[in-house]
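Single-letter residue listing:
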Amino acid sequence: MPSSKTSPARPTLPTPDGQGLDSAEAARRLAADGPNVLPGSAPKSTWTIVQGVLTEPMFLMLLAAGGIYLALGDRAEALFLLGFVFVVIGITLVQERKTQRALESLRDLSAPRALVLRDGREQRIAGRDVVRGDLLVLHEGDRIAADAQLLDGQLEVDESLLTGEAVPVAKLPLAPASGTANAAPASVPAGPADGHAVAALFASTVVTRGVGLAQVRATAAHTAVGRIGADLAATTEPPSALQQASRTLVRRLGAGALVLASAQVLLGWWWNGRPLLESLLSGIALAMAILPEEIPVILTVFLALGAWRISRQKVLTRRITAVEALGAITVLAVDKTGTLTVNRMAVAGLATAQAQFTPEGARELPEEFHRLTEFAMLATPGDPFDPMEKAIQHFGHQWLAGTEHVHDGREPEFEYALSGEILAMTRVFASGGDGEHLLATKGAPEAVADLCHLGAAQRDAIRQQVEDMAERGLRVLGVARGRWSGAPAAPGFDPPWPQSQHDFDFEFLGLVALADPPRAEVPAALAECRRAGVRVVMMTGDHPATARAIAQQVGLSERPDIITGAELEALDDAALAARLRHVDLCARLQPQHKLRLVQRLRASGEVVAMTGDGVNDAPALKAADVGIAMGERGTDVAREAAALVLLDDSFSRIVAAIRQGRRIDDNIRKAVRFTFAVHVPIIALALVPTLLHWPVLLLPVHIVLLELLIDPACSIVFEAEPEDPGLMERAPRPVADSPFAAAPLVFSVLQGLGLAALLLAGQAWMVAQGWSTEQGRATVFSTLVLGVMLLILANRDLSRPAWHGVTDRNPWLWRMAAAMALLLVAVLGLPWLRTLMGLALPGPGGLAVGGALLALSLAWLELVRALTGRSAGSWRGAAGAG
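Now for a look at the structure at hand. All values reported here derive from a predicted model rather than from experimental measurement.

### What about helix α18 (residues 573–580)?
- Every buried residue of α18 is listed here: L576, A577 and L580. The arc that holds the buried residues of α18, viewed along the axis, is 100°, so those residues lie on one side.

### Quick look at unusual backbone geometry
- Phi is positive for K314, which is not a glycine, with a value near 65°.
- Here K314 lies in the loop between α9 (294–311) and β8 (315–317).
- Residue class for K314 comes out partly exposed when judged on its relative accessible area of 40%.

### Description of the packing of aromatic side chains
- Under the defined criterion, the tally for this structure stands at eleven aromatic pairs.
- Taken together, a centroid distance of 5.5 Å and an interplanar angle of 45° make the contact between F674 and F718 tilted. Of this pair, F674 sits in helix α22 (residues 651–691) while F718 sits in the loop between α23 (700–717) and α24 (742–768), and the two are 44 residues apart along the sequence.
- Ring-pair connections join several aromatic residues into one group, and the members of that group are F414, Y416, W484, W497, F504 and F506.
- R815 extends its terminal NZ or CZ atom over the ring of W812, reaching a point 4.5 Å from the ring centre.

### Looking at the environment of L135
- When you line up the elements, L135 lands in strand β3 (residues 135–138).
- Residues L135 and A148, spaced 13 residues apart in sequence, show a C-alpha to C-alpha distance of 8.8 Å.

### Concerning the packing of α9 against α23
- Where α9 contacts α23, the axes come no closer than 9 Å and their chain directions differ by 30°. Taken together, the axes of α9 and α23 lie roughly parallel to each other. Judged by the sense of rotation from one axis to the other, the crossing of α9 with α23 is right-handed. Contacts from E294, V297, I298, V301 and F302 of α9 reach α23 at E707, I710, D711, C714 and S715.
- Its residues assigned to classes, the contact of α9 with α23 comprises six nonpolar, one polar and three charged.

### Considering the pattern of salt bridges
- A full pass over the atoms with the stated rule returns 33 salt bridges.
- Residue R475 pairs with D542 through a salt bridge whose shortest N-O separation is 2.6 Å. Residue R475 is found in strand β15 (residues 475–485), and its partner D542 is found in the loop between β17 (535–539) and α16 (544–554); the two are separated by 67 residues along the sequence.
- Look at R475 and you get partly exposed, because its relative accessible area is 22%.
- Look at D542 and you get buried, because its relative accessible area is 1%.
- By sharing partners, the salt bridges in this structure join D665, R669, R733 and D737 into a single network.

What counts and how
- Residues numbered from 1 in each chain as written.
- Predicted model: local features only at pLDDT ≥ 70, side-chain atom pairs only at ≥ 80, totals over all residues.
- Heavy atoms only, no water.
- Buried < 20%, exposed > 50% of the residue type's maximum accessible area, 1.4 Å probe, protein only.
- Helix = DSSP H or I, 4+ residues; strand = E, 2+ residues; numbered from the N terminus.
- Arc of directions from axis to C-beta.
- Phe/Tyr/Trp six-rings, centres within 6.5 Å; stacked < 30°, edge-to-face > 60°.
- Lys NZ or Arg CZ within 6 Å of the ring centre and 35° of its normal.
- Axes fitted to C-alpha atoms, helices over the stretch in contact; angles between N-to-C directions.
- Parallel < 35°, antiparallel > 145°, perpendicular 65-115°, else oblique.
- Left-handed = near helix turned anticlockwise from the far one by under 90°.
- Contact = heavy atoms within 4.5 Å.
- Nonpolar A, V, L, I, M, F, W, Y, C, P; charged D, E, K, R; others polar.
- Salt bridge = Lys/Arg side-chain N within 4 Å of Asp/Glu carboxyl O.

See the structure below:
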């Protein structure tokens, strides 16, 4: 069915001066009414964060241990331990604030924006800065920033957010005599649900068609969506697969910690004959050692800060979970226009059956091309959104200025939109009385030629002209004109418009060729994708020859095969999947074709990232593993459907985001390996002495001090790790590969078991030599603290020995080493602290034993790396293997 909605030029201002609000008045209203944000989106308060800390298992165990020390009469130990409660709260607050600042900066970037008229000119402002009385300029794909009244233009609006009805609602400005009927309804259902062409527009609804000018009536909580409730505004992102896996693992380890700690208490009390409270302390120490509380912190901090780092590459992350998928992308499906090209369309030539015109070097437009240019302009909205249509209008005004062929302000009575069935659009204009109408059509040359019912010879001539232009990388449109004498309309009714453009008779006028040169940085970025094992597929609506020419210019693919939308429709899913294995170029595509291509690629096991900019691209963007919207030319709908937004629409930014995603994935794996490796010796030193009837080696105070080293190592040192040199020289990781899989965890456990065995052997030797409990504990504890540093170095890069990483750039590595040194100096050098910790000076013998244990630990870590390091990172093969 044809559409009766036109896409008019930007509406004229109904205000007397045509200026909109001035900046000073807008600022005054913003101060009076507050920002245009819905309730329920406030950041976490400090008290909320503290409450979360108070309910964590580690905090509760600290409180229990402190209470037991008080019961035993050890006030110094109790106060020292309970003092760490505030240290833990402080560290958590710092981490939460750092994460929150990163997320807030992303939210500020991703907040909806609005095009308003202020101070007599169009301005793009943040949606939160829209105020009552602002004039909104609305285009297709915009999300309306506030409740407003349509003053001029014609729109169709998707109000399903408010009404649940999927059919767009027509919007027309009310006549001046309508009075207060323009006001927004008091209750939501009375406004959008009636389905009539009313002037009321509602915040958070989407313009699906048309151009309009509207005046804001209400903002923030006073809008219809604000009155519905804060639940629409407070969007909670579901946990990612990695976060869910980590939570499951932590819960299981927590249950295991409870069982083992209970057994430890019973063994110490019943088997070793220790006092019950001392056995409880030993059990709490074991539970603290087992619980890997760092894992949730790693994922939260790394993903949030990773998204912030990606935003510095001008790629906005709208969904944090997309950061995980970036490292696994195997196929990158990109549009041509604006992504591979600069998106600066310009008319590069005109062609009729008899002649051709190139604007470069010309002084005037020959008369024979005036009519072609005139009807190309008539077939284009006066204030278009599309860069190609902007280029047509600019060309016409440049070359036909001062002639009768320019018809600024002339609005169509009817419009046939571009559709999947007919790749052409027709605008119908009144032309005299008695139902006379003028038709202006533009679109794909083959579609326009078909509407003109041309003979085979003419079609072949046009096809050859198009091929010649397209092979130079030009985008080609056909233009036609026609006349129609319809039955006069009854008063108050539209004429009976024909059902299809095929019902008209057209005259083919010629071809318009447009140039959009490739971006300079694209060839290098495509080469980097190939080295990284990421296949790039072009999905464009352009002519196949144009797609092939641009692909050759940028080096996208050497394979000549190309598939068109028409060919795609003729293939079943199995045949299409087989064809896609050998094709990198897809042309003459409609949005539904892109959706099917994405679905087939994913069904074949690929991890797909896809770019899109229009309203109709939203389903494909949602279907992709990582949807990427265009920030400059994309619609609000596309941006909201996507996981990432390119702020400058450049293809090289996507490659930079993939690089960052791989780096984040690497660093998460390093931190997880380190976390599990470092917990194994702590668990062993807390558990084994009870089984061997030794004195307790690690008490809760020791484990708390170790946690103060482990937490920053995970959330700061590993997060700041630079990318590996061969990061983009290897294949994407398998999508099912997880840092919590068996291979990396076995690697970590082996690292930790070796350290545990060496420390326990050292303790056994010291017991046999008759060393005091305090001296042996000091030696083991000091060696364990320095062993934490060894584990950091050993897990930074499995491809080389640990000591090679000493000179690598990481601003936090040596700060961490200095913190460890200060901790040991304080614990062993301050007599009161040494006594409180149950330690003694190790002496020369202790230093010798500690040094020997560290050397043996380093040798063990290198042996484990040499034997199993490859399997722990087995997915890191060469890109060609992917």
